[in-house]
Amino acid sequence: MTGYDVRFYFDPVCPFAWITSKWVRMVAAQRDYAVDWRFISLRMINSGIDYDSHFPAGYEEGHTSGLRLLRVAARARDEHGRDAVGPFYEAVSSEIFDSPGAAELTPAVRGSRSFVEPLLAKAGLPAELAGAVDDNQWDDQIRAESDEALALTGRDVGTPIIQFSPPEGTAFFGPVISRLPDPRDAVRLWDHVTGLAGFPGFAELKRSLRERPQLRSFGVDPATAGTEEDWHAGSRRATSLAGRHRTCARWPRLPSGPLPGGRPAARIDAAVQARLVAGPSVIR
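Bear in mind the structure is a predicted one, so any value in this text is a computation, not a measurement. (Residues numbered from 1 in each chain as written. Predicted model: local features only at pLDDT ≥ 70, side-chain atom pairs only at ≥ 80, totals over all residues. Heavy atoms only, no water.)

Draft legend 1. Structural view of the pairing of strand 2 (residues 35-39). Most of strand 2 sits out of view: five of its five residues are buried. Taking every second residue as pointing to the same face, both faces of strand 2 are buried, with Val 35, Trp 37 and Phe 39 on one and Asp 36 and Arg 38 on the other. As defined by bridge partners, strand 1 (residues 6-10) adjoins strand 2 across five bridges and the pair is classed as parallel. What sits directly across from Phe 10, in strand 2, is Phe 39. Regarding the hand of the β-α-β motif, the stretch spanning strand 1, helix 1 (residues 15-31) and strand 2 is right-handed. (Buried < 20%, exposed > 50% of the residue type's maximum accessible area, 1.4 Å probe, protein only. Helix = DSSP H or I, 4+ residues; strand = E, 2+ residues; numbered from the N terminus. Pairing = 2+ DSSP bridges. Right-handed = clockwise from strand over helix to strand, strands pointing away.)

Draft legend 2. View of the nonpolar core. Counting 67 residues, the largest nonpolar core has Phe 10 and Val 116 as the members making the most contacts within it. Tallying contributions element by element places helix 1 first for this core, with nine residues. When sequence neighbours within four positions are dropped, the list of residues in contact with Phe 10 reads Ala 17, Trp 37, Arg 38, Phe 39, Ile 40, Leu 70, Val 85 and Tyr 89. (Core = buried A, V, L, I, M, F, W, Y, C linked by side-chain atoms within 4.5 Å. Contact = heavy atoms within 4.5 Å.)

Draft legend 3. Structural context of unusual backbone geometry. Of note, the bond from Pro 166 into Pro 167 is cis; its omega dihedral lies within 30 degrees of zero at 5 degrees. Along the chain, the position of Pro 167 falls in the loop between strand 3 (161-164) and strand 4 (171-173). In the segment running from Gly 174 into Pro 175, the intervening peptide bond is cis, with an omega of 5 degrees. Relative to the elements of secondary structure, Pro 175 occurs in the loop between strand 4 and helix 9 (183-197). The phi angle at Asp 32 is positive, at roughly 60 degrees, despite the residue not being glycine. Looking at the secondary structure, you find Asp 32 in the loop between helix 1 and strand 2. Residue classification places Asp 32 among the exposed residues on the basis of a relative accessible area of 69%. Of note in this structure, Ser 165 is not a glycine but carries a positive phi near 50 degrees. With respect to the helices, strands and loops of the structure, Ser 165 is situated in the loop between strand 3 and strand 4.

Draft legend 4. Geometry of helix 4 (residues 59-80). Taking 1.5 Å of rise per residue, the 22 residues of helix 4 would be expected to cover 32 Å, and the 32 Å separating its terminal C-alpha atoms lies within 8% of that figure. Immediately downstream of helix 4, the backbone of Gly 81 shows phi near 95 degrees, a positive value. (Expected span 1.5 Å × (residues − 1).)

Draft legend 5. Region of the structure containing the side chain of Ser 146. The topology assignment puts Ser 146 in helix 8 (residues 139-153). Exposure remark for Ser 146: the relative accessible area of 1% places this residue in the buried category. Separated by 2.9 Å, the side chain of Ser 146 and the backbone oxygen of Ile 142 make a polar contact. Each residue touching Ser 146, except ones within four places of it in the same chain, is listed here: Phe 39, Ile 40, Ser 41 and Ile 45. (Polar contact = N/O pair within 3.5 Å; in protein donor to acceptor, adjacent residues only side chain to side chain.)

Draft legend 6. Structural context of the pattern of salt bridges. Scanning the model with the defined rule gives 17 salt bridges in all. Notably, a salt bridge pairs Asp 36 with Arg 82, separated by 3.0 Å at the nearest N-O pair. Of the two residues, Asp 36 is situated in strand 2 and Arg 82 in the loop between helix 4 and helix 5 (85-97); the sequence distance between them amounts to 46 residues. By relative accessible area, Asp 36 is classed as buried at 3%. Residue classification places Arg 82 among the partly exposed residues on the basis of a relative accessible area of 29%. For the salt bridge of Glu 117 with Arg 113, the shortest nitrogen-to-oxygen distance reads 3.6 Å. One end of the pair is Glu 117 and the other is Arg 113, both in helix 7 (residues 113-122) and four residues apart, which spans about a single turn. The network of salt bridges with shared partners includes Asp 36, Arg 38, Arg 82 and Glu 148. (Salt bridge = Lys/Arg side-chain N within 4 Å of Asp/Glu carboxyl O.)

Draft legend 7. Geometry of the confidence of the model for the protein chain. Residues of the protein chain with pLDDT of at least 70 account for 80%, and the chain-wide mean is 82. This stretch, residues 237-247, has a pLDDT under 50; its non-local contacts, to residues over four places away or in other chains, come to 53 contacts. Throughout residues 249-284 the model reports pLDDT below 50, and contacts reaching past four residues in sequence, or to other chains, amount to 99 contacts. (pLDDT = per-residue confidence, 0-100.)

Draft legend 8. Examining the sheet that holds strand 2 more closely. On the basis of which strands lie adjacent, the open sheet formed by four strands has the order 2-1-3-4 and mixed pairing. Every other strand in the sheet has two partners, leaving strand 2 and strand 4 as the edge strands with one partner each. On average, each strand axis in the sheet is tilted by 20 degrees relative to the strand beside it, whichever way the strands run. When strand 1 meets strand 3, the two strands line up antiparallel, connected through four bridges. Paired with Tyr 9 across the bridge in strand 3 is Ile 161. Relative to strand 2, helix 5 is tilted by about 65 degrees, and along the sheet it contacts strand 1 and strand 2. (Axes fitted to C-alpha atoms, helices over the stretch in contact; angles between N-to-C directions.)

Here you go:
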């Protein structure tokens, strides 16, 4: 297939990209849209960051596990076509975020061949593709698409990034949603989002109060809504509102002093971040 209605840039270890992707799949099924699943690596777009000084121990491994999974996706696309990426992404991230064992997954497990091989089979792909987890020949391709995504939106964004009506259409970070709508509301939400995206000069609509994602990896039962909390720049603040962890955002730390637009900067809570990289579902 050469023509796509939507480009969706994802890192498979980003929970917000995952839940938004499930919504996009619902819409695509009802509207008969074709989605081009593309890559954006959190590890690569943070490549200029000193992880040891900016993050708690283990955070680099969390991002690196996403890169290792993207290498497999890149090889799958190269050998089996672009339409192989969507099923692979669905198989991998559903295991990371929605499976009964999601709470116990660590970055080391997520980025391993033994983790990927059965998920390749689930996606209808050969297990031998899992060898790409250690193969950095795919990194240039992943880096180029990460840069491509940020060129569409500007660099002060996170994942996912969606481009509507590519290649000329507008692209935005998000939308960030914490639960899946029902099928009818999924299309209604899509129409609202694309309506805003199509308005010349529109750039941002945001609130920091949001529900914890409706994912088992966050300790939220799929049949219930997560607790509403105050998030900043894609990161949930600690109970004291003194710290934050960044799950899918580009920058790990805000500068001291006010942000553009007068928003206050916040410190990273190392303990919260450390629990996230050990396994996203252990954030309570």
